[in-house]
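This is what each chain is made of:
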Amino acid sequence: GESVGLHLPTLSVQEGDNSIINCAYSNSASDYFIWYKQESGKGPQFIIDIRSNMDKRQGQRVTVLLNKTVKHLSLQIAATQPGDSAVYFCAENRGGFTGGGNKLTFGTGTQLKVEL
Amino acid sequence: SAVISQKPSRDICQRGTSLTIQCQVDSQVTMMFWYRQQPGQSLTLIATANQGSEATYESGFVIDKFPISRPNLTFSTLTVSNMSPEDSSIYLCSLTPSSEAFFGQGTRLTVV
């Protein structure tokens, strides 16, 4: 039978352009946020994280921005490459990091398609 | 970083049967997590597996349907019991030895 499920939002960008992927979270008590990249057939891969006492963090070609006022998180990818094509998820830790484990709540996800 | 080996990577199962998914880690961790990812959707936490105690299940998930074992600090299993087509999903184990969470490659389960 036909599979019924949510269709992920899709962002299409040209190779070399910058990508911005957005995420809204609901729990003001969340103190730690992570962006993951998931390629087809693979588990989520860590990209970058940010704690709630920061509003910006930069990595290699990626930047995460956190706006706690409006509970918004974004991932910016500079000079997007074909290898960046994947589904991107934001995740939040609502309970604080307890020794030995983070229990994460994941956002819906965005499909990034890089066009040549 | 942690290396997580999860198997099987995929399986096609008949409804009414059960499948046990294994997750092996190359280092000792206190907590391991099991997630479900339904087709085209995000990840949902099923349960937290602590070594030496019963797993803690999230709302909507019960031990009879998803029994979990955690015999030691490097291994865990998740069983999907009495499967129906609605259980067709990707199941992933995860651990967070530090602030960063690592995931296995997932088990793609199709129930027919």
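Analysis parameters
Residues numbered from 1 in each chain as written. Chains lettered and ligands numbered in written order. Predicted model: local features only at pLDDT ≥ 70, side-chain atom pairs only at ≥ 80, totals over all residues. Heavy atoms only, no water. pLDDT = per-residue confidence, 0-100. Contact = heavy atoms within 4.5 Å. Disulfide = S-S within 2.5 Å. Helix = DSSP H or I, 4+ residues; strand = E, 2+ residues; numbered from the N terminus. Buried < 20%, exposed > 50% of the residue type's maximum accessible area, 1.4 Å probe, protein only. Pairing = 2+ DSSP bridges. Axes fitted to C-alpha atoms, helices over the stretch in contact; angles between N-to-C directions.

1. Examining the confidence of the model for chain A
Thought 1: Scored by pLDDT, chain A comes out at a mean of 87, with 87% of its residues at no less than 70.
Thought 2: Of the regions scoring below 50 in pLDDT, residues 1–6 of chain A engages in five contacts with residues more than four places distant in sequence or in other chains.

2. Here we look at the state of the cysteines
In a disulfide, the sulfur atoms of two cysteines are covalently bonded to one another.
Thought 1: Using the criterion set out here, one finds two disulfides over all chains in the structure.
Thought 2: Put simply, A:Cys23 and A:Cys90 are joined by a disulfide, and their sulfur atoms are 1.6 Å apart. On the criterion of sequence distance, the pair formed by A:Cys23 in strand E2 (residues 19–24) and A:Cys90 in strand E8 (residues 86–93) is long-range, its members being 67 residues apart. Comparing A:Cys23 with A:Cys90, the two get one shared label, buried.
Thought 3: The disulfide bridge from B:Cys23 ends at B:Cys93, spanning 1.9 Å between sulfur atoms. Taking the sign of the torsion about the S-S bond as the criterion, the disulfide between B:Cys23 and B:Cys93, at about 70 degrees, is right-handed. Within this pair, whereas B:Cys23 is found in strand E3 (residues 19–25), its partner B:Cys93 is found in strand E9 (residues 89–95), the two being separated by 70 residues in sequence.
Thought 4: Relative accessible area serves as the criterion here: at 0%, B:Cys23 is assigned to the buried category.
Thought 5: Note on B:Cys93: relative accessible area 0%, which makes it buried.
Thought 6: The closest cysteine sulfur to the non-disulfide-bonded B:Cys13 is located on B:Cys93, 17 Å from its own sulfur.

3. Let's talk about the environment of A:Val64
Residue and element names in this part refer to chain A.
Thought 1: Of note, Val 64 is situated in strand E6 (residues 62–67).
Thought 2: The exposure class of Val 64 is buried, given its relative accessible area of 1%.
Thought 3: Expressed as a C-alpha distance, the spacing of Val 64 and Thr 10, which sit 54 residues apart in the sequence, is 19 Å.
Thought 4: Non-local contacts of Val 64, meaning those with residues more than four positions away in its chain, are made with Trp 35, Ile 48, Asp 49, Ile 50, Asp 55, Lys 56, Arg 57, Leu 73 and Ser 74.

4. Some words on the sheet that holds strand E7 (residues 72–77) of chain A
Residue and element names in this part refer to chain A.
Thought 1: The sheet built from four strands is open, its strands ordered E2-E7-E6-E5 with antiparallel pairing. The open sheet terminates on both sides in strands that have one partner only, identified here as E2 and strand E5 (56–58). Adjacent strand axes in the sheet meet at a mean angle of 15 degrees, parallel and antiparallel pairs treated alike.
Thought 2: The pairing of E6 with E7 spans six bridges and is classified as antiparallel. Residue pairing in the sheet places Val 62 in a bridge with Ile 77 of E7.

5. Focus: the sheet that holds strand E1 (residues 4–7) of chain B
Residues and elements named next belong to chain B.
Thought 1: The four strands are arranged E1-E3-E8-E7 in an open sheet whose pairing can be described as antiparallel. Looking at which strands have only one partner, the edges of the open sheet turn out to be E1 and strand E7 (68–72). Along the sheet, successive strands turn relative to each other by an average axial angle of 15 degrees, direction set aside.
Thought 2: Bridge count for E1 against E3 is four bridges, and the pairing is antiparallel. Residue Ile 4 lies in a different strand from E3, and its bridge partner there is Val 25.

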